[in-house]
Amino acid sequence: MQRAGKYSVTDVLTQPVILGRIVGLFGVRGWLKVYSYTEPREAVLDYEDWLLGRDGDWQRVELAEGKRHGKAVIARLEGIADRDAAAELLGSDIAVDRDALPEPEDGHYYWADLEGLTVVHKDGTELGKVAYLMATGANDVLVVDGPAERLIPFVPGTVILGVDLAVGVIQVDWEWD
């Protein structure tokens, strides 16, 4: 494996964006099963330079090849030639440097950009912070940690009144009682 050394997130100019996770092994020649957070799933393979990490420690690796395999994505990394070497990577997050991603269209956001933002009701009540998002099929849902955990549908224009990334606030029209 090509290693550029380990470094922490604070050592890079932009925060890495997590695109997936290594969840299994495929075969005996170092292939990995990847759980991709991208849409479509195989879009994680559009990036040749991956960051693999656990607990904020990242190492650079190079994607050698990958493909969609049924409903899953499988990949092989440079320098990983057998199952034992691949097994050492199980559970690692897969990320890319933020500046490697294309800018989202107006009104669209990367989930990583929304996580941690403060959610404020239109009446000024702070509801908490976005812990994470989840896809439900109909629409994405904000999981908000505050005095109580709240699930808020991410529906721009009706429920989501505005997103201000610079200020770190999402304004919502959502009844929480």
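Above this text sits the structure in question.
Rules behind the numbers
Residues numbered from 1 in each chain as written. Predicted model: local features only at pLDDT ≥ 70, side-chain atom pairs only at ≥ 80, totals over all residues. Heavy atoms only, no water. Pairing = 2+ DSSP bridges. Helix = DSSP H or I, 4+ residues; strand = E, 2+ residues; numbered from the N terminus. Core = buried A, V, L, I, M, F, W, Y, C linked by side-chain atoms within 4.5 Å. Buried < 20%, exposed > 50% of the residue type's maximum accessible area, 1.4 Å probe, protein only. Contact = heavy atoms within 4.5 Å. 1 Å grid on protein atoms, 1.4 Å probe; cavity = no way out; pocket = protein on both sides within 12 Å on 5 of 7 lines; lining within 4 Å. Points joined across faces, edges and corners; volume = space filled by probe spheres on them. Nonpolar A, V, L, I, M, F, W, Y, C, P; charged D, E, K, R; others polar.

Caption draft 1: Layout of the pairing of strand β4 (residues 49-54). Relative to strand β5 (residues 57-69), β4 runs antiparallel, the two being bridged by six bridges. Its bridge partner lying in β5, L51 is registered against R60. Here β4 folds back onto β5 in antiparallel fashion, the turn holding two residues, of which D55 has a positive phi close to 55°. Inspection of the sheet shows β4 paired to strand β7 (residues 93-96) by three bridges, in the antiparallel sense.

Caption draft 2: Quick look at the nonpolar core. Ranked by internal contacts, the top residues of the largest apolar core, which has 22 residues, are V44, W50, L52 and L77. Taken together, the elements giving at least two residues each to this core come down to β2 (17-26), β3 (31-36), β4, β5, β6 (72-77) and β7. In terms of residues, this core owes the most to one element, β2, which gives four residues. Here W50 is in contact with V34, V44, L45, Q59, R60, V61, L63, A75, L77, I94, A95 and V96, once residues within four sequence places are set aside. Residues L133, L142, V144 and I152 belong to the second largest nonpolar core, which totals 15 residues.

Caption draft 3: Structural detail: the layout of surface pockets. Size it by volume and the largest pocket reaches roughly 1200 Å³. Forming the walls of the largest pocket are 33 residues, and the residues nearest its centre are L19, Y37, T38, Y110 and W111. Looking at the lining of the largest pocket, the elements that each hand over two or more residues are β2, β3, α2 (111-114) and β9 (126-135). Classifying every residue of the lining of the largest pocket gives 20 nonpolar, four polar and nine charged.

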